[in-house]
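Listed here are the chains, written in short residue letters.
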Amino acid sequence: MAEKTILKALAGETQAVPPVWLMRQAGRYLPEYKATRAKAGDFLTLCYTPELAAEVTLQPIRRYGFDGAILFADILLVPQALGADLWFVTGEGPRLSTIDGPADFDALKPAGAIHETLSPVYETVRILSKELPGETTLIGFAGAPWTVATYMIAGRGTPDQGPAHALRQENPAVFDALMERITEATILYLSAQVEAGAEVVKVFDSWAGSLKGEAFRRYALEPARRIVAALKERHPGLPVIVFPREAGEFYEGFHAATGADCVALDNSVDADWAAAHVQTKGCVQGNLDPKLMVTGGEALVAETKRIVRAFSGGPHIFNLGHGITPDANPENVHRMLEAIRG
Ligand SMILES: Cc1c2[nH]c(c1CCC(=O)O)Cc1[nH]c(c(CCC(=O)O)c1C)Cc1[nH]c(c(CCC(=O)O)c1C)Cc1[nH]c(c(C)c1CCC(=O)O)C2
């Protein structure tokens, strides 16, 4: 069997050359992605057409030979599967129906109903598990409950997650019920991805950084702990990556508090600090500033090497601190890979 370097890192192995993949590696910086997206007509059709979603997942693997392939889908498919309206406004991002009070919550479907909408995603996973090269690890994913709730409550992305913070303070019963519904749906969704062939799953808590103190424990740590525990109970040995973006000091202790095998780091964390305080407890992933994929040059090479060196004493998966952006230069990905792999 081919060696899967991502699975080795997740099992705690220190490797001379870290495996690598990039958040948003299938995206608008690639001309072949834009061509397939144009063929699909719109982003959601792309997500729900298994052959096309599998094709865009494979494109960056063909071009770069990444060690991991992340399923092509979106964290906002779960709200849609729970009954929220969802659409994407070109150049602006996602829009959803909002949750302002008990009536909006009561209109949502039960968690068990999500498979009706999400079954094409499982088909994408099945296609990928057949078509990927033997050495490439297939990564499934979902949004974390807090991050998904921020979009469901506000109906869009928000700079400070104000509407979600307001609901959790002013109407905790509705907020807690929503968090519970999303948590249950996330467990079912990720479990179905694993049954279809995902070898690792990643939970994206992109807005974890706006939760402080006790709120972080309650709405970021605790749901992650529950999701990891439920998945490992259903699928013994399944590796789980959690990305509590901008968690700051909460990165320390995150492996132990949630049971995650790997903690993904954003680019506001110092790599040497993370090696000493986070990587000592398990695998880490991430940290390279995505802006360097736009600007490139010697700074990209130097920073890539610095991160590889900082994490060379333990299990490490090379990645960015957030998604690669549409203005990234595809050539810079080759430069980064050369700096990592030599
Ligand atoms: C918050 C969030 C979303 N989606 C996601 C997150 C968590 C990670 C993060 O913080 O970035 C996660 C995501 N979104 C997408 C993937 C696919 C796999 C991959 O990483 O390659 C993944 C893992 C595709 C996508 N999701 C989206 C695109 C761009 C859509 C297009 O082609 O027009 C892609 C490739 C759209 C999307 N989806 C979302 C937003 C805010 C947007 C609009 C912003 C943008 O346009 O970049 C919600």
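In short, a report on the structure. (Residues numbered from 1 in each chain as written. Predicted model: local features only at pLDDT ≥ 70, side-chain atom pairs only at ≥ 80, totals over all residues. Heavy atoms only, no water.)

1. Some points on the packing of helix α8 (residues 145–154) against helix α9 (residues 162–170)
For step 1, the next point in the chain: It is the contact of α8 with α9, at a shortest axis distance of 8 Å, that shows an interaxial angle of 95°. By the angle between their axes, α8 is roughly perpendicular relative to α9. Contacts between α8 and α9 involve Trp146, Thr150, Ile153 and Ala154 from the first element and Pro163, Ala164, His165, Leu167 and Arg168 from the second.
For step 2, the next point in the chain: A class-by-class count of the residues in the contact of α8 with α9 yields six nonpolar, two polar and one charged. (Axes fitted to C-alpha atoms, helices over the stretch in contact; angles between N-to-C directions. Helix = DSSP H or I, 4+ residues; strand = E, 2+ residues; numbered from the N terminus. Parallel < 35°, antiparallel > 145°, perpendicular 65-115°, else oblique. Contact = heavy atoms within 4.5 Å. Nonpolar A, V, L, I, M, F, W, Y, C, P; charged D, E, K, R; others polar.)

2. Describing the sheet that holds strand β1 (residues 68–70)
For step 1, the next point in the chain: If you trace the seven strands from one edge of the open sheet to the other, you get β1-β4-β5-β6-β7-β8-β9, paired in parallel fashion. Two strands close off the open sheet at either side, each with one partner strand: β1 and β9 (316–317).
For step 2, the next point in the chain: Both strand β4 (residues 137–143) and strand β5 (residues 200–205) contribute to a ladder of five bridges, which runs parallel. When the sheet's bridge partners are listed, Ala142 is paired in β5 with Val203. (Pairing = 2+ DSSP bridges.)

3. A word on the site of the ligand
For step 1, the next point in the chain: In the neighbourhood of the ligand, 23 residues make up the surrounding shell, with Arg28, Tyr33, Arg37, Asp74 and Ser206 lying closest.
For step 2, the next point in the chain: In this structure, an oxygen atom belonging to the ligand sits 3.2 Å away from a main-chain N or O atom of Gln25.
For step 3, the next point in the chain: A distance of 2.7 Å separates a nitrogen atom of the ligand from a polar atom in the side chain of Asp74.
For step 4, the next point in the chain: Bound to the protein, the ligand loses 87% of the 880 Å² it would expose on its own.
For step 5, the next point in the chain: Here the shell around the ligand is composed, by residue class, of 15 nonpolar, four polar and four charged. (Near = heavy atom within 4 Å. Polar contact = N/O pair within 3.5 Å; in protein donor to acceptor, adjacent residues only side chain to side chain. Areas by Shrake-Rupley, 256 points an atom, 1.4 Å probe, with all protein chains shown as cover.)

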